[in-house]
Amino acid sequence: MRTVRTRGYADRMKNTFRIVPLPTETADAARRSASNGAPAHQIVVADAPGSAPCRHCLRWAEPGERMILFPFQSIPADRPWTESGPIYVHQEPCERYAATDEFPAAFREGRALRQYDAQDELTGAEVVDGDPATAIERLLGDDNVAFVQVRSVTHGCYTMRVERA
Ligand SMILES: [Zn+2]
């Protein structure tokens, strides 16, 4: 009896989404471009907590950490809703966010959700008040939604992609 109850609890607690952090190849390519002096890749030192979120480890930079600021194409260039914008990654190699069935604790405030269909077309957007996990599950419960982009509500910058688990 106890085993059955435990399994049922675990099933209910399992999220239906999967966080997709920036691929490691993309972060490493940005690090190489920055060290080669590519003009669109700027090395900046984080000067305050909560100022530069790394899209690879999904943590905020600590003050004094060196970050690379560069443009990231979050929607392909050949699509009408094409999107490219500035993001940060740590200059030093960092560990890619691995708890992909949990919404990262560092970004539970101040996020907007954009929903896209399978043709990369924007079909809706909303600002989330509090933990975005519930809203993401609701959006991904709609068959017309292929993925969600999480963005900064103030700066508009891309934070992460979320897909169905
Ligand atoms: Zn990082």
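Remember, predicted model here, so these are calculated numbers, not experimental data.

Caption draft 1: Representation of the coordination of the zinc ion within the structure. Distances from the zinc ion to its protein donors, C54 (SG), C57 (SG), H90 (ND1) and C94 (SG), fall at 2.0 to 2.4 Å. Relative to the metal, the four donor atoms surrounding the zinc ion lie at angles of 102 to 119°, and the coordination shape comes out tetrahedral. Counting along the primary sequence, the residues that act as donors to the zinc ion give the motif C-x2-C-x32-H-x3-C. Of this pair, C57 sits in the loop between β3 (53-54) and β4 (59-60) while H90 sits in strand β6 (residues 83-90); the two residues are 33 residues apart in sequence, bridging distant segments of the chain. In terms of burial, C57 and H90 fall into one category: buried.

Caption draft 2: Representation of the layout of surface pockets within the structure. When its volume is computed, the largest pocket comes out at roughly 260 Å³. What lines the largest pocket is a set of 16 residues, among which S51, P53, Y88, H155 and C157 lie closest to the centre. Residue assignment for the lining of the largest pocket shows that the elements contributing at least two residues are β6 and β10 (158-164). For the lining of the largest pocket, the residue count by class is eight nonpolar, six polar and two charged.

Rules used throughout
For every chain, the first residue of the written sequence is number 1, and numbering continues from 1 along that sequence. Reporting of local features is limited, given that this is a predicted model, to residues whose pLDDT is at least 70; pairs of side-chain atoms are given and counted only at 80 or more, and all residues count toward the totals for whole chains, interfaces and linings. Excluding hydrogens and water, the side-chain figures rest on all heavy atoms present in the structure. The donor definition counts N, O and S atoms within 2.8 Å of each metal and applies 3.2 Å to Na, K and Ca; water is not among these atoms, so some sites may look incomplete. Between 85 and 135 degrees for all angles marks four donors as tetrahedral; over 155 degrees for opposite donors together with 65 to 115 for all other angles marks four donors as square planar and six as octahedral; every other arrangement is irregular. Each helix is a run of H or I in the DSSP string that is no shorter than four residues. Each strand is a run of E no shorter than two, and both are numbered from the N terminus. Buried means the residue's accessible area, taken with a 1.4 Å probe over protein chains only, is under 20% of the maximum for its type, while exposed means over 50%, and partly exposed covers the values in between. Cavities and pockets were defined on a 1 Å grid built over protein atoms only: a cavity is a set of grid points that admits a 1.4 Å probe from which the probe cannot escape, a pocket is an open set flanked by protein on both sides within 12 Å along at least five of seven lines, and lining residues are those with an atom within 4 Å of any such point. Grid points are joined across faces, edges and corners, and a volume is the space filled by probe spheres set on the points. Gly counts as polar in this scheme, as do all residues outside two lists: the nonpolar Ala, Val, Leu, Ile, Met, Phe, Trp, Tyr, Cys and Pro, and the charged Asp, Glu, Lys and Arg.

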